[in-house]
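Each chain, letter by letter, is given below.
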Amino acid sequence: MAPLVKVAPLVKVQGLTKSFGDNQILHGIDLEVAAGEVISIIGPSGSGKTTILRCLNLLERPDGGRIEIDGQMLCEDGAKGRIKFAGKSEIRKVREEVGMVFQRFNLFPHMTALENVIEAPMAVKGIDKAAAKTRALELLDSVGLSHRADHYPLQMSGGQQQRVAIARALAMDPRVMLFDEVTSAVDPELAGEILLVMKQLAEQGMTMIVVTHEMGFAADVSDRVLFIDHGLVVEEGKASQVLGAPQHDRTKAFLKAVLERAPMAPEGEPIDESAPSWEADATVSGDASHIAELESEVARLRQELNTKEATDTPTEGGV
């Protein structure tokens, strides 16, 4: 019998630390994720769950530790206790392989659903508009929103906006998807449509790291669950073990509190998804600065692409 070959993890994190001022958020996080694996990260608010995701693609720069994605080192501890980072081109390449969906959608409010999805493939990868549009329509159809392709964010419900955000992330053909509490900003009645899309992605073999309070989803879809508290991995294991038979008292207390405050579905009229929801207004006002940052980044990437094309174009008399 041939010896078993150990496959390197797609995502590998060792000793990850992060502080904001004097407040240390992460205290040496270790995490390995295999290709096709679904990991759910649970824990109380402020425990560092979102910070872990943001460090994985360097939206937040760690203070220490090592992050490696698909064999590419993003950061590692260097000499004299100072962390060193990969070069800009290496970081940009890894970011193209890591899709992230945020709590607050972060769609460009002045663009339609279709325009939101095609923007990054065209600006970052240089894909022509026709090909980007064909792929975007396929993705919008896969999340059940082909009929909303020409709608603006304010014309869509929170659940619809979040599904557009998922389609936008998938348009870059990522190897890993990061989901940060993606149902927290939508009405409970609309969360199911988002979770269904995520479940379908898991069934298709997408590697996923999911920060969530949706314990049912974590139990149903996750291969493993990490319980984080005060920036430490308190408990880790198969979903059935961590959620069904937790070993640590802190995990037991957290799950008990979650179950006790789980809201019941309110009675009343069915939701009209054609009507805009309050989440859209919150997105535009609350995330205006982040949207401006995204637009600035897209403009910069376009400029780099145009410069590269001009450099690569042969001049008259050239070979």
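Residues numbered from 1 in each chain as written. Predicted model: local features only at pLDDT ≥ 70, side-chain atom pairs only at ≥ 80, totals over all residues. Heavy atoms only, no water.

**Student:** I keep staring at the pairing of strand 10 (residues 224-229) and nothing clicks. Help me out?
**Tutor:** Every other side chain in a regular strand lies on the same face of the sheet, so the side chains alternate between the two faces. Burial of strand 10 is extensive: six of the six residues sit out of reach of the surface. Burial of strand 10 is two-sided: the residues Arg224, Leu226 and Ile228 facing one way and the residues Val225, Phe227 and Asp229 facing the other way are all buried. Of the pairings in the sheet, the one linking strand 10 to strand 11 (residues 232-238) comprises six bridges and is antiparallel in character. By the bridge assignment, Arg224 is partnered in strand 11 with Lys238. Taken together, strand 10 and the strand that follows it, strand 11, pair antiparallel across an intervening segment of two residues, in which His230 is found at a positive phi of about 50 degrees. (Buried < 20%, exposed > 50% of the residue type's maximum accessible area, 1.4 Å probe, protein only. Helix = DSSP H or I, 4+ residues; strand = E, 2+ residues; numbered from the N terminus. Pairing = 2+ DSSP bridges.)

**Student:** What's the story with the packing of helix 3 (residues 113-125) against helix 4 (residues 129-142) in this structure? I'm lost.
**Tutor:** Each pair of packed helices can be summarised by the angle the axes make with each other and by the distance between the axes. Running from N to C, helix 3 and helix 4 cross one another at 130 degrees; their axes reach a closest spacing of 9 Å. On the basis of their axis angle, the class for helix 3 and helix 4 is oblique. Here helix 3 runs over helix 4; the crossing is right-handed. For the pair helix 3 and helix 4, the contacting residues are Ala113, Leu114, Val117, Ile118 and Met122 in the first and Lys129, Ala132, Lys133, Ala136, Leu137, Leu139 and Leu140 in the second. (Axes fitted to C-alpha atoms, helices over the stretch in contact; angles between N-to-C directions. Parallel < 35°, antiparallel > 145°, perpendicular 65-115°, else oblique. Left-handed = near helix turned anticlockwise from the far one by under 90°. Contact = heavy atoms within 4.5 Å.)

**Student:** How should the environment of Arg135 be read in this particular structure?
**Tutor:** Note on placement: Arg135 falls in helix 4. Taking the C-alpha atoms as reference, Arg135 lies 9.8 Å from Pro121; in sequence the two are 14 residues apart. If sequence neighbours within four positions are ignored, Arg135 has contacts with Leu170 and Asp173.

**Student:** Teacher, can you tell me more about the packing of helix 3 against helix 5 (residues 158-170) here?
**Tutor:** Orientation of helix 3 relative to helix 5, taken along the N-to-C sense of each, is 25 degrees, at an axis distance of 8 Å. As judged from the angle between their axes, helix 3 and helix 5 are roughly parallel. Relative to helix 5, helix 3 is oriented so that their crossing is right-handed. For the pair helix 3 and helix 5, contact is made by Ala113, Asn116 and Val117 and by Val164, Ala167 and Arg168, respectively. Of the residues contributing to the contact of helix 3 with helix 5, the split by class is four nonpolar, one polar and one charged. (Nonpolar A, V, L, I, M, F, W, Y, C, P; charged D, E, K, R; others polar.)

**Student:** How do you make sense of unusual backbone geometry when you look at a structure like this?
**Tutor:** What you tend to see is this: most non-glycine residues have negative phi, and most peptide bonds are trans. Positive phi outside glycine occurs at Phe105, with the angle close to 65 degrees. With respect to the helices, strands and loops of the structure, Phe105 is situated in the loop between strand 7 (98-101) and helix 3. The exposure class assigned to Phe105 is buried, which follows from its relative accessible area of 0%. For His230, which is not a glycine, the phi torsion comes out positive at approximately 50 degrees. With respect to the element layout, His230 can be found in the loop between strand 10 and strand 11. Looking at His230, the relative accessible area reads 61%, which means it is exposed.

**Student:** For this particular structure, what's the right way to read the side chain of Asp229?
**Tutor:** Inspection of the secondary structure puts Asp229 in strand 10. Of the polar contacts made by the side chain of Asp229, one reaches the side chain of Arg250; its length is 2.8 Å. Not counting the four nearest positions on each side in its chain, Asp229 is found in contact with Pro44, Ser47, Val234 and Arg250. (Polar contact = N/O pair within 3.5 Å; in protein donor to acceptor, adjacent residues only side chain to side chain.)

**Student:** Could you clarify how one ought to interpret the environment of Arg148 in this entry?
**Tutor:** For Arg148, the position within the fold is in the loop between helix 4 and helix 5. Separated by 36 residues in the primary sequence, Arg148 and Thr112 have C-alpha atoms spaced 8.6 Å apart.

Structural measurements only, silent on function.
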